[in-house]
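Chain and residue survey
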There are 2 protein chains.
Amino acid sequence: MDVKAYMVDVGEKARQASALIAQASTEAKNRALIAMAEALDLARDKLAKANELDLENGRNNGLDSAMLDRLELTPARIDTMIEGLRQVASLPDPVGIIDDMKYMPSGIQVGKMRVPLGVVGIIYESRPNVTVEAASLCLKSGNATILRGGSEAIHSNQAVAACISQGLSQAGLPINAVQVIKTTDRAAVGELITMPEYVDVIVPRGGKGLIERVSRDAKVAVIKHLDGICHVFIDRDADREKAVNVAFNAKTHRYGTCNTMETLLVDEAIAEFVLPTLAVKFEQEGVELRGCDATRRILTGINAATEEDWSTEYLAPVLSVKVVSDMDEAIDHINKYGSHHTDSIITENYTRGRKFITAVDSSSVMINASTRFADGFEYGLGAEIGISTDKIHARGPVGLDGLTSQKYVVFGDGHIRQ
Amino acid sequence: MDVKAYMVDVGEKARQASALIAQASTEAKNRALIAMAEALDLARDKLAKANELDLENGRNNGLDSAMLDRLELTPARIDTMIEGLRQVASLPDPVGIIDDMKYMPSGIQVGKMRVPLGVVGIIYESRPNVTVEAASLCLKSGNATILRGGSEAIHSNQAVAACISQGLSQAGLPINAVQVIKTTDRAAVGELITMPEYVDVIVPRGGKGLIERVSRDAKVAVIKHLDGICHVFIDRDADREKAVNVAFNAKTHRYGTCNTMETLLVDEAIAEFVLPTLAVKFEQEGVELRGCDATRRILTGINAATEEDWSTEYLAPVLSVKVVSDMDEAIDHINKYGSHHTDSIITENYTRGRKFITAVDSSSVMINASTRFADGFEYGLGAEIGISTDKIHARGPVGLDGLTSQKYVVFGDGHIRQ
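Residues numbered from 1 in each chain as written. Chains lettered and ligands numbered in written order. Predicted model: local features only at pLDDT ≥ 70, side-chain atom pairs only at ≥ 80, totals over all residues. Heavy atoms only, no water.

Quick look at the UniProt feature "domain: Aldehyde dehydrogenase" (unreviewed entry) in chain A
Mapped onto the present numbering, the UniProt feature "domain: Aldehyde dehydrogenase" (unreviewed entry) falls on residues 12–284 and 310–374 of chain A. Helix makes up 51% of residues 12–284 of chain A and strand 17%, with an end-to-end C-alpha separation of 57 Å. (UniProt positions renumbered as here; feature names shortened; annotations may be inferred. Helix = DSSP H or I, 4+ residues; strand = E, 2+ residues; numbered from the N terminus.)

Points about the relation of the copies chain A and chain B
Taken as rigid bodies, chain A and chain B are interconverted by a rotation of 180° and an axial shift of 0.0 Å, the fit giving an RMSD of 0.0 Å. This pairing of chains is accounted for by a two-fold axis. Identified as the residue of chain A closest to the rotation axis by C-alpha distance is A:His393, at 1.8 Å. The share of interface residues of chain A whose copies in chain B are also at the interface is 100%, consistent with both copies meeting through the same surface. (Least-squares fit on C-alpha atoms with pLDDT ≥ 70 in both. Contact = heavy atoms within 4.5 Å.)

Some words on the sheet that holds strand E7 (residues 221–222) of chain A
Residue and element names in this part refer to chain A. Across the sheet, which stays open at both edges, the 5 strands sit in the order E5-E4-E3-E6-E7 with parallel pairing between neighbours. Each edge of the open sheet is held by one strand with a lone partner, namely strand E5 (178–180) and E7. As judged from the 5 bridges shared by strand E3 (residues 119–124) and strand E6 (residues 201–205), these two strands associate in the parallel manner. Counted as the bridge partner of Tyr 124 is Arg 205 from E6. (Pairing = 2+ DSSP bridges.)

Some details on the sheet that holds strand E11 (residues 303–304) of chain A
Across the sheet, 10 strands lie side by side as E11(A)-E10(A)-E12(A)-E9(A)-E8(A)-E13(A)-E14(A)-E17(B)-E2(B)-E1(B); this open sheet has mixed pairing. The outermost strands of the open sheet, each flanked by one partner alone, are E11 of chain A together with strand E1 (98–103) of chain B. Judged from the 5 bridges that link them, strand E14 (residues 364–369) of chain A and strand E17 (residues 404–415) of chain B form a sheet pairing that is parallel. In the sheet register, A:Ser364 faces E17(B), and the bridge partner there is B:Tyr408. Together, strand E8 (230–234), strand E9 (261–267), strand E10 (288–291) and strand E12 (318–324) of chain A form the strand contacts of helix H11 (residues 271–285) of chain A, whose direction differs from that of E9(A) by roughly 150°. (Axes fitted to C-alpha atoms, helices over the stretch in contact; angles between N-to-C directions.)

Focus on the environment of A:Arg186
All names here are of chain A. In this fold, Arg 186 is placed in the loop between E5 and helix H8 (187–192). Separated by 184 residues in the primary sequence, Arg 186 and Ser 370 have C-alpha atoms spaced 39 Å apart. Setting aside anything within four residues of it in sequence, one finds Arg 186 in contact with Arg 148 and Arg 213.

Re the packing of helix H10 (residues 240–252) of chain B against helix H11 (residues 268–285) of chain B
Geometry of a packed helix pair, given as the angle between the helix axes and the separation of the axes. Residue and element names in this part refer to chain B. In the contact formed by H10 and H11, the axes pass within 10 Å of each other and the chain directions differ by 35°. Of the two possible hands of crossing, H10 and H11 adopt the one that is right-handed. Across the interface between the two elements, Arg 240, Ala 243, Val 244, Ala 247, Phe 248, Lys 251 and Thr 252 from H10 touch Ile 270, Phe 273, Val 274, Thr 277, Leu 278, Lys 281, Phe 282 and Glu 285 from H11. A breakdown of the residues in the contact of H10 with H11 according to their chemical character gives 9 nonpolar, 2 polar and 4 charged. (Left-handed = near helix turned anticlockwise from the far one by under 90°. Nonpolar A, V, L, I, M, F, W, Y, C, P; charged D, E, K, R; others polar.)

Description of the interface of chain A and chain B
On the side of chain B, 62 residues touch chain A, which itself brings 62 residues to the contact. Carbon and sulfur atoms make up 56% of the area that chain A and chain B hide from each other, which totals about 5,200 Å². Put simply, chain A and chain B have 4 salt bridges between them. Where B:Lys242 meets A:Asp413, a salt bridge forms, and the shortest distance between an N and an O atom there is 2.7 Å. Summed over the shared surface of chain A and chain B, the number is 41 residue pairs in polar contact (both at pLDDT 80 or more). Going through the elements one at a time, strand E2 (109–116), helix H10 (240–252), helix H14 (350–359), E14, strand E16 (396–398) and strand E17 (404–415) of chain A are the ones with two or more residues in the side of chain A that touches chain B. Examining the composition of the side of chain A that touches chain B, we find that 11 residues originate from one element, E17(A), more than from any other. (Buried area = accessible area lost by both parts, 1.4 Å probe. Salt bridge = Lys/Arg side-chain N within 4 Å of Asp/Glu carboxyl O. Polar contact = N/O pair within 3.5 Å; in protein donor to acceptor, adjacent residues only side chain to side chain.)

Laid out in structure tokens, this is it:
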């Protein structure tokens, strides 16, 4: 197979479909999403068979159990995909919204209309449910999508793709609006990220290695986050109960998510009043603490944190703890070691709260709230395609709006420049 | 000189300054802008001497007269720079504006705060006034700037840079917030566009060759437009007087600007009623018309347009004219041959007006208005750093907002994820 020729063909078809899908009515897009949900529901046997084939190959190829777990399409996961499609259908359509329409001194009326980006390339690893999630968000926002899933999920993804095509076709929309790459050749990724004439933006979802490679080599814009090294800073004027509850929740609500706290910073004036309580709770939960010298004078017996700990995303029941002399030291630490994802201050102090949210350079900054809230659903976006830690185009949880651009709309009555 | 080491040093200083300038008060930034204006006013002699040196070198090096004209800092151009600084000082500060703050079902309050991008690299050609324009917009939006002007303007740019530094210093702001590259070595550009650790976005301003090179090689985001191939489409239901006035203005108001019409499209049902009138006006103005076969049946004696004409940005008193069978053909032509910059329909027909602004994929779409309105001042942005024909991050005229990003701000009262 000539991978380059195949990808150019896919790209051309996506570009053609994007012009049609960009103008599809909200009703047609929603009809397609519901039809996809129904097609998935009717294809449960086929999906299970295709997935079993992937799982069998995976076991034969020595995939580890975490990988096999992500690969598995259980009935509950199929339910979640179906539910997800219905939810995206129920979200408001961003395309065509005109904001800020106002008259200018010249008499023209100027506003901004939300428009799709065009063609979105999604590169992801083993989880086949991403196929549906990503395709549905791109479709609702009027974009054509090219999906490239992990090679170990090829049969599952093709089975899901068949349901997506059926949904598009039933709604009278071009089936090339969502294309799932048919080859497992890794060269396809290299082509996909270097075709600016056919692809407008790439969203890589997966491990850090994948995202680094895509970011380095892409010739188009990439919406991504690499790390989630999130902090909670307990200020000297924190309410101690809020401090303990939020810090505990930010670490233990889920360990493997990018908005989980990885480092706890505590002002030295309050450290001895909150750290012992937190240490007991973390110990009960089986969270290993690694502290700076000052922390270890309060919590004797915990391990020492190394320089590397401050920039490590554990994604596990491990937490680094540092006592700081004041908020400025906390802010410097966050901006230096953090990943510009999500950071929260616990304080009752008005001035320091204001300063923290201004000075911390992260995609989400919080006062008295758990970092775990950094999420498209919690922010009211409905769903998210990822959380961007970049500043260009989209930052923080990226929902339907992040998959759109805008154009200026000008209404005149024969107006000419003087 | 070790260009790489020099640029790394410039980059590090810019990154450090960006953290300070991002939090500078509106009042301090405005004070710096006014102080720069005063410094320029007092430095007129020095500016003239430095500029004369550049002009002399330019003449010795055989620069053409257009290039020498762009290079010249006349007293009137210095006045314009001073006036520009005062205007930017009077614009509202976008930094820190919090929009869309609302309560979520969980009880947290979520909004979006405008924040600077960080460090903006500007690469431009001979016009020294760009130094002030770009620096002032970046400063007001809280960004640090690294400016790399044309080597032929090095003395003028350094003289301007001294005034900028003085203004920053008088306002108590870090002078490294605006740095003008001191070397004329072309390798500096290569370094500047490949330092994502120090530079967040590049804005190239100049000829197509420069912009293509920067876009191809940059490792950071680029805000740019390559071409301005703008269209006016005269629909069959156009008001004939509006059609003639707008089409004439869009071509003849200024020839060298990117929002000037380069191709006129006319519905065949109205062509014979508007083209002869327009042809007379264009002839009086010395505009050469190049037409398709149908156009030449109405306007006998004009030259034939070649395939190349449809995708040529003349920037000159030349206009290509095509008669189309209907609006769909016009839209297809615009999306195929245009540069996604600015396109206008002249029509009294409600349905076709709506369809045109939806289906034309350009950064500005207009009804019954001259393409010449596509401009930051005319859109109420106050000033612009350029006009983006990309869809990522910023599209259309890019003002202060386009030089900012946003972060999510979350206010809680000890809220934890359930």
